[in-house]
Amino acid sequence: MSIDPRILALQEEVAGWRRDFHAHPELGYEVHRTAGIVATKLREFGCDEVTEGIGKTGVVGIIHGKNGPGGRVVGLRADMDALPIEEETNLPHRSKISGKMHACGHDGHTAMLLGAAKHLAETRDFAGTVAVIFQPAEEGGAGGKAMVDDGLMDRWNIREVYGMHNMPGIPTGHIAVRPGPIMAAADQFVIRIEGRGAHAATPHLGVDPVVVGAHIVAALQSIASRNADPLKAVVVSTTMFHAGTAFNIIPQRAELTGTVRTLELGMRDLAEKRLTEIATGTAKMFGAVATVEYERGYPATINHPRETAEAVTIAKRLFGSAAVDAEVAPMMGGEDFSYMLEARPGAYLFIGNGDTAGLHHPAYDFNDSALPHGIQLWAEIARSRTAA
Ligand code: NI
């Protein structure tokens, strides 16, 4: 492990920023306080350019290296938004805002990238230009897409882009990554079943949408077990089943809602097709009618092989081979850094958060001892890739 003493000296200051962000969580695009602090700090650090309002509330800082403007531009991205969860910790820096919490560690990501920006703006010991990217609305709002749609990549001629997310269960100081898909496509579906209402005592006079829905929920599991190649991943989860108003009424209609997660486009197409066929076919079998609304959400996050290999080499050089898992299993969660990786080559990495509560858990807290490792990795990716 080799952490630059100048970065170690930043740790307490960066941890202070992190705890302040943690105490003041903001949701979605409403990250006004956080984005304001980010922009103010980037200006204080002497960034050559600071632009607010990219993708509504995103912030971009530009830091030129020793040769001034020009050269390769490498993007480093952090997310700023929190989650609508009530925090259940007694930490001194626990959320001051009821019902909102930094339960995914985006407070840590923001502070860590700010630390890297401060270090890079001070040292300027690299060839090209670094773009530090702070995005809103990762948790479901597609803030990454909003920034790309707002011209993020073209406006600053960004050539490569990297993202980093903390991961509980991986030791601090360790990095995990893989080439190819690392996070899943996250789609949503709503199935509306129209039956025929009746008295609960006379089912023969109605068409029961609850029974139809129950068959659909069960049959949807055959997509993974019978339609998908057993070596390829697909998750179908029906998470809401709404019907009925009283114990003695067969309702007129029922509604099922859920999510489909896949790592490859072929599987995504297959799951959408089979889900629609199973829902409509099952309903027809019982004399009901089902309509399916299928909405494609974040695409799979697919790491580019060359840039992933470069990041692995850098991480191993910094932290040692034993601290770098270059073939971590993909996760079936969604991540909107996927849109940035569709726009430019790059990689999305996990940084160990140690033995903490899991992501999105009310007792979760970002591990400040991971900060120097993350700042060091950001700085080395910047130095190495701007010189490529
Ligand atoms: Ni997250």
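A brief structural summary. (Residues numbered from 1 in each chain as written. Predicted model: local features only at pLDDT ≥ 70, side-chain atom pairs only at ≥ 80, totals over all residues. Heavy atoms only, no water.)

1. A word on the pattern of salt bridges
A full pass over the atoms with the stated rule returns 31 salt bridges. For Asp 20, the salt bridge identified is with Arg 33, shortest N-O distance 2.9 Å. In this pair, Asp 20 sits in helix α2 (residues 11-23) while Arg 33 sits in helix α3 (residues 32-45), placing the two residues 13 residues apart along the sequence. A salt bridge links Glu 160 to Arg 72; the nearest nitrogen and oxygen atoms lie 3.1 Å apart. With Glu 160 in strand β5 (residues 158-167) and Arg 72 in the loop between β2 (58-64) and β3 (73-79), this residue pair connects regions lying 88 residues apart in the sequence. On the accessibility criterion, Glu 160 (0% relative accessible area) is buried. (Salt bridge = Lys/Arg side-chain N within 4 Å of Asp/Glu carboxyl O. Helix = DSSP H or I, 4+ residues; strand = E, 2+ residues; numbered from the N terminus. Buried < 20%, exposed > 50% of the residue type's maximum accessible area, 1.4 Å probe, protein only.)

2. Comments concerning the sheet that holds strand β15 (residues 324-325)
Spatially, eight strands are ordered β1-β2-β4-β3-β5-β16-β6-β15 in an open sheet, and the strand pairing comes out mixed. If you trace the sheet from one side to the other, it starts and ends with β1 (49-54) and β15, each paired once. Here two bridges tie strand β6 (residues 175-176) to strand β16 (residues 346-352), and the two strands are oriented antiparallel to one another. Residue Ala 176 lies in a different strand from β16, and its bridge partner there is Phe 350. (Pairing = 2+ DSSP bridges.)

3. Structural notes on the layout of surface pockets
Quantified by volume, the largest pocket comes out at close to 610 Å³. Lining the largest pocket are 26 residues, with Gly 140, Ala 186, Arg 261, Tyr 298 and Gly 334 sitting closest to its centre. Listed by contribution, the elements that provide at least two residues to the lining of the largest pocket are β5, β8 (185-194), β12 (253-262) and β16. In terms of residue class, the lining of the largest pocket is made up of 11 nonpolar, eight polar and seven charged. Within this model, the second largest pocket holds a volume of roughly 180 Å³. A total of three residues in the lining of the second largest pocket trace back to one element, the largest contributor, which is helix α10 (residues 337-343). Grouping the constituent residues of the lining of the second largest pocket by class yields seven nonpolar, three polar and three charged. (1 Å grid on protein atoms, 1.4 Å probe; cavity = no way out; pocket = protein on both sides within 12 Å on 5 of 7 lines; lining within 4 Å. Points joined across faces, edges and corners; volume = space filled by probe spheres on them. Nonpolar A, V, L, I, M, F, W, Y, C, P; charged D, E, K, R; others polar.)

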